[in-house]
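Residues per chain are reported as follows:
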Amino acid sequence: MLLPLPPQSSKPVPKKSQSSKIVPSHHDPSEKTGENCQTKISPSSLQESPSSLQGALKKRSAFEDLTNVSFEMTHETLYLAVKLVDLYLMKAVCKKDKLQLLGATAFMIAAKFEEHNSPRVDDFVYICDDNYQRSEVLSMEINILNVLKCDINIPIAYHFLRRYARCIHTNMKTLTLSRYICEMTLQEYHYVQEKASKLAAASLLLALYMKKLGYWVPFLEHYSGYSISELHPLVRQLNKLLTFSSYDSLKAVYYKYSHPVFFEVAKIPALDMLKLEEILNCDCEAQGLVL
């Protein structure tokens, strides 16, 4: 027997921008410009007014900088780019000095797939601090597409997360918290093998537990297709990831979600391990009573 739909929230559903930029919305604070974009500084603008940019530019030398590039692109592009890198490295060997080239090119492919107006090839050469030639980027693009057999229509966790949140009509703060949890996994090899749908369900489930919204759990179970017991091991791992996030050397995601535009959800403490086990045990007992 299907569960009834939960009551509709009084808040209107956010609208997705028709452009490649993340546009501020009165209904969805997380879709504001500050979410995952900054002012774009292209090679052409650098040539036009170099004096106005003195002191504003910073060298990009680390591969992880690509997760926070100065382009205005959607979350979908970020998730797909990371997925393309993971899938490529499962099937091909990439030298260490070419990892940044691989990341930038994967980002370019993802942008072409997800964005209405993707950045130019020269822009991706620029964010690599001109360490590579334009021809190398184009050659890597062909290489990636050949290795993946041009199959880049890949399910990503962000799509599932948005769908689940709409189904259970969760509020924006809880959704943003689940986005933070899910985005933290992009930096960890441990989650590469996880199904996107399962990772999204576990991220939202942990967010519900952290916000003491356990009464929505049966609805998440129904609409995701995963039993709560299936998600518990992954929820434990995600909670541990949050617990030690402040000690992580990669701080981009943490700083991003510490901003007021994202309700400062990164500052919400992870659940105590014993408290989490207590919640999980209560869920199991409740399921046993129903059965």
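Here, every reference points to the structure presented above.
Because the structure is predicted, anything quoted here is derived from the model rather than measured.

Draft legend 1. Looking closely at the overall build of the protein. A tally of helices and strands in the protein yields 12 helices and 0 strands. Seen in sequence order, the protein has helices and strands lined up from the N terminus as α-α-α-α-α-α-α-α-α-α-α-α. Taking all 291 residues of the protein together, 46% fall into the buried category. The contacts in the protein between residues at least 6 apart in sequence include a share of 78% that link residues at least 24 apart.

Draft legend 2. Expanded view of the nonpolar core. With 51 residues, the main nonpolar core has Y180, I181, L205, L206, Y209, V235 and L238 as its most contacted residues. At the level of elements, α6 (157-168), α7 (172-184), α8 (196-210), α9 (217-224), α10 (228-243) and α12 (273-290) are the ones that each hand at least two residues to this core. The element contributing the most residues to this core is α8, with 12 residues. Grouped together as the second largest cluster of nonpolar side chains are 32 residues, L80, A104, L148 and I154 included.

Draft legend 3. Structural context of the environment of M108. With respect to the helices and strands, the residue M108 is situated in helix α3 (residues 99-114). Residue class for M108 comes out buried when judged on its relative accessible area of 1%. Residues M108 and F124, 16 residues apart in the sequence, show an inter-C-alpha distance of 7.1 Å. Beyond its immediate stretch of four places on either side in the chain, M108 contacts V121, F124, V137 and E141.

Draft legend 4. Here's a closer look at α8. Look at α8: 21 Å from first C-alpha to last across 15 residues, which is about the 21 Å you get at 1.5 Å a residue. Of all 15 residues in α8, 14 are buried; the element is thus mostly enclosed. Backbone geometry just downstream of α8 places K212 in the positive-phi region, at approximately 55°.

Draft legend 5. Just helix α2 (residues 75-91), in detail. Taking 1.5 Å of rise per residue, the 17 residues of α2 would be expected to cover 24 Å, and the 25 Å separating its terminal C-alpha atoms lies within 8% of that figure. With 12 of its 17 residues buried, α2 lies for the most part within the structure.

Draft legend 6. Broad picture of the packing of α6 against α7. Their axes nearest at 11 Å, the elements α6 and α7 cross at an angle of 160°. Classified by the angle between their axes, α6 and α7 sit roughly antiparallel to one another. Seen along the crossing, α6 lies across α7 with a hand that is right-handed. Mapping the contact onto sequence places A157, Y158, L161 and A165 in α6 and L175, S178, R179 and C182 in α7. Counted by class, the contact of α6 with α7 contains 6 nonpolar, 1 polar and 1 charged residues.

Draft legend 7. Representation of the pattern of salt bridges in the model. Going through the model one piece at a time under the given rule, you end up with 8 salt bridges. In this structure, R162 and E76 form a salt bridge, with 2.8 Å as the shortest nitrogen-oxygen distance. Here R162 is found in helix α6, whereas its partner E76 is found in helix α2, with 86 residues between them in sequence. Assessed through its relative accessible area of 23%, R162 is described here as partly exposed. Given the relative accessible area of 3%, E76 is considered buried.

Draft legend 8. Seen up close, unusual backbone geometry. If you check the backbone angles, C150 has positive phi at about 60° while not being a glycine. As for its placement among the helices and strands, C150 is situated in the loop between α5 (134-147) and α6. Exposure remark for C150: the relative accessible area of 54% places this residue in the exposed category. Positive phi is not limited to glycine here, since E264 has a value of about 55°. By the element assignment, E264 lies in the loop between α11 (252-256) and α12.

Draft legend 9. Local environment of the packing of α6 against α9. In contact at an axis separation of 9 Å, α6 and α9 are set at 130° when each is read in the N-to-C sense. The angle between α6 and α9 falls in the class oblique. Considering the relative orientation of α6 and α9, their crossing is right-handed. Residues Y164, C167 and I168 of α6 touch α9, and the partners they reach there are F219, L220, Y223 and S224. Per-class residue counts for the contact of α6 with α9 are 6 nonpolar, 1 polar and no charged.

Cut-off values and rules
- Residues numbered from 1 in each chain as written.
- Predicted model: local features only at pLDDT ≥ 70, side-chain atom pairs only at ≥ 80, totals over all residues.
- Heavy atoms only, no water.
- Helix = DSSP H or I, 4+ residues; strand = E, 2+ residues; numbered from the N terminus.
- Buried < 20%, exposed > 50% of the residue type's maximum accessible area, 1.4 Å probe, protein only.
- Contact = heavy atoms within 4.5 Å.
- Core = buried A, V, L, I, M, F, W, Y, C linked by side-chain atoms within 4.5 Å.
- Expected span 1.5 Å × (residues − 1).
- Axes fitted to C-alpha atoms, helices over the stretch in contact; angles between N-to-C directions.
- Parallel < 35°, antiparallel > 145°, perpendicular 65-115°, else oblique.
- Left-handed = near helix turned anticlockwise from the far one by under 90°.
- Nonpolar A, V, L, I, M, F, W, Y, C, P; charged D, E, K, R; others polar.
- Salt bridge = Lys/Arg side-chain N within 4 Å of Asp/Glu carboxyl O.

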